[in-house]
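# Commentary on secondary and tertiary structure
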Amino acid sequence: METKKIKLTAVEDRSHLTYKALSVLYKYGVGLMGMEVYPYVVYIKMMPVEERIWELIKKEFEDLSEWESIEEIELFPFEEKDTQMKNVLDLIPHGVTLVNKKGDIKYINNYAAEKILKCDSKGITEANIRKYIDYDRLISSLANVKGKKSIVTERLGIGNQLYQVNLQLIKNEEDILTGYLISFYDIDKSSVFNRYDNPITFDDIIGESERMTAIISEGKQYAKSDSPVLITGESGTGKELFARAIHNHSVRKNKPFIAINCAAIPDQLLESELFGYEPGTFTGGTKEGKAGIFEVASEGTVFLDEIGEMAPHIQAKLLRVLQERKVRRVGGHKEMSIDARLISATNQNLDEMVKNKEFRLDLLFRINIFNINIPPLRDRKEEIPILFEYFSKIHSERYKKTITGIEQDAMRKLINYNWPGNVREFQNVLERAAALSTTKTISARDIILNYNLITEDTFVENSLKGCLENLEKKMITDSLKSTKSIREAARGLKVTHTLLINRMKKYDICKEYLKD
């Protein structure tokens, strides 16, 4: 004997249909294990039944005029949805669980159950999440969230491991809270997920000065439009942070945000990344071809960082894409309509580049409908205390230390420094200080500043290879110092852009730190 699941489809929706179906089962003494009822359709799961009895039941169902068809099935609709949900969650490369308003676990993927909570995913369903994590701490954090963010982040110890835990609201179409999505990230990988998965909003931008407050207000206003935005500012000021905040404040926030650094990718590869390519276009390319980021970011946002490094022929193609709102893949003839907002960023003076015929004026007009200029940290030093408070908390948790303050001499040292690397450099200095500190208060000796970021080689190499490498490194450094861009430096050294980028990676040379 085996259980049977059937689907009964009615001729018309009327009362007592289910009663007649259940009467047949009662007649043959077959118990009911489960049932789902919808207009015109009833799903029934019966207790184990002999095949002979089942044939009699099936014949009686077929003889009932109210039913149009009877069909044996393997899964109820809710079971199909349950299986699909579980399979999707298991594809996610970090811990994920869905809980109801009471904290009862409804879905959990294998990663969260087995690797984080150390239990069987089947046995944990319907258990309360409070047995495993400090759930009430996450809930109470919602009351402290500024603005309208629907996500909070806390760092929680689970077992002997520290995790970044995100709690996100789940609401239905009527905006009624139905539960929460909880995500677990290994603390060593949290920065990666912060950058790509977690929604960055304007609440995440640390700045209380009048100038920064005005810029944030501008960004929120620009987010309401679909027009291109150009974000300018020195390296390390947080241009991508602003781009992501604009995206997540716009109507496109639930669609992709695709970022690409134009300076880090060789010309031919950049063209195919932006616009895609047809099958057979490149040796080593995929047989199916590849969609470009303007296609992938459909209804979302494309962020082009370091757009000033874009080659002239790609600038021309990008201009056409922005004018026509259509893209043609490399090696193809068909044009495809696109719907993606463009946000660009650069640390160069594009007006000067236009005068020097290094950047197209017509493209500048297209990408610069709205402009945000982020001031360097040296021009808003009044924000250094709040930046210290923010980053010291992050890094003290990372290094498992309790940092409660900073000595006056140490703060004076931070304020007097010029910060050529801006907030990015500030964060690195604070991380180093947190790692070196042996007390609860950061002292002046813990603050090690990057006064000489690039130094001349003062040692003597005995090998020919070493001497040549030192000479090559010095020539590259000198050329980068005296030019405005990596491409210009490559032309001066009479090498390709790709070769120069590879040499910079080899010698760990970063152009943004070469400026006086």
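In case you missed it, the structure is sitting above this.
Residues numbered from 1 in each chain as written. Predicted model: local features only at pLDDT ≥ 70, side-chain atom pairs only at ≥ 80, totals over all residues. Heavy atoms only, no water.

### Regarding helix α6 (residues 135-142)
- Those residues of α6 lying buried are Y135, L138 and S141. Looking straight down α6, one finds its buried side chains confined to an arc of 125°; they lie on one side. (Buried < 20%, exposed > 50% of the residue type's maximum accessible area, 1.4 Å probe, protein only. Helix = DSSP H or I, 4+ residues; strand = E, 2+ residues; numbered from the N terminus. Arc of directions from axis to C-beta.)

### Focus on the pattern of salt bridges
- Counted according to the given criterion, the structure contains 27 salt bridges.
- For R252, the salt bridge identified is with D226, shortest N-O distance 2.9 Å. One end of the pair, R252, is in the loop between α9 (239-248) and β11 (257-261); the other, D226, is in the loop between α8 (210-223) and β10 (229-232), with 26 residues separating them in the sequence.
- The class of R252 is buried, set by a relative accessible area of 7%.
- Of the charged contacts, one joins D478 and K474 as a salt bridge, the two residues approaching to 2.9 Å between their closest N and O atoms. With D478 and K474 both in helix α18 (residues 464-482) and 4 residues apart, this pair spans about one turn of that helix.
- In this structure D478 comes out as partly exposed when scored by relative accessible area, which is 33%. (Salt bridge = Lys/Arg side-chain N within 4 Å of Asp/Glu carboxyl O.)

### Points about the environment of I215
- Summarising the element assignment, I215 is placed in helix α8.
- On the basis of relative accessible area, I215 is assigned to the buried category, the value being 6%.
- For the pair I215 and P375, spaced 160 residues apart in the sequence, the C-alpha separation amounts to 9.5 Å.

### Examining unusual backbone geometry
- Positive phi, close to 55°, is recorded for K400, a residue that is not glycine.
- When you line up the elements, K400 lands in the loop between α15 (384-398) and β19 (405-406).
- Accessibility expressed as a relative area gives 66% for K400, which makes it exposed.

### Observations regarding the packing of aromatic side chains
- For the coordinates displayed, the defined rule picks out 11 aromatic pairs.
- Seen from their ring centres, Y38 and Y43 are 6.0 Å apart, and the 90° between their planes marks the pair as edge-to-face.
- Aromatic pair Y43 and F76: ring centres 6.0 Å apart, planes at 50°, arrangement tilted. Highlighted residues: Y43 in strand β3 (residues 41-49) and F76 in the loop between β4 (67-72) and α3 (77-91), separated in sequence by 33 residues.
- Among the aromatic residues, ring-to-ring pairing joins Y390, F391, Y417, W419 and F426 into one connected group.
- Here the basic side chain of K5 rests over the ring of F76, its NZ or CZ set 5.9 Å away from the ring centre. (Phe/Tyr/Trp six-rings, centres within 6.5 Å; stacked < 30°, edge-to-face > 60°. Lys NZ or Arg CZ within 6 Å of the ring centre and 35° of its normal.)

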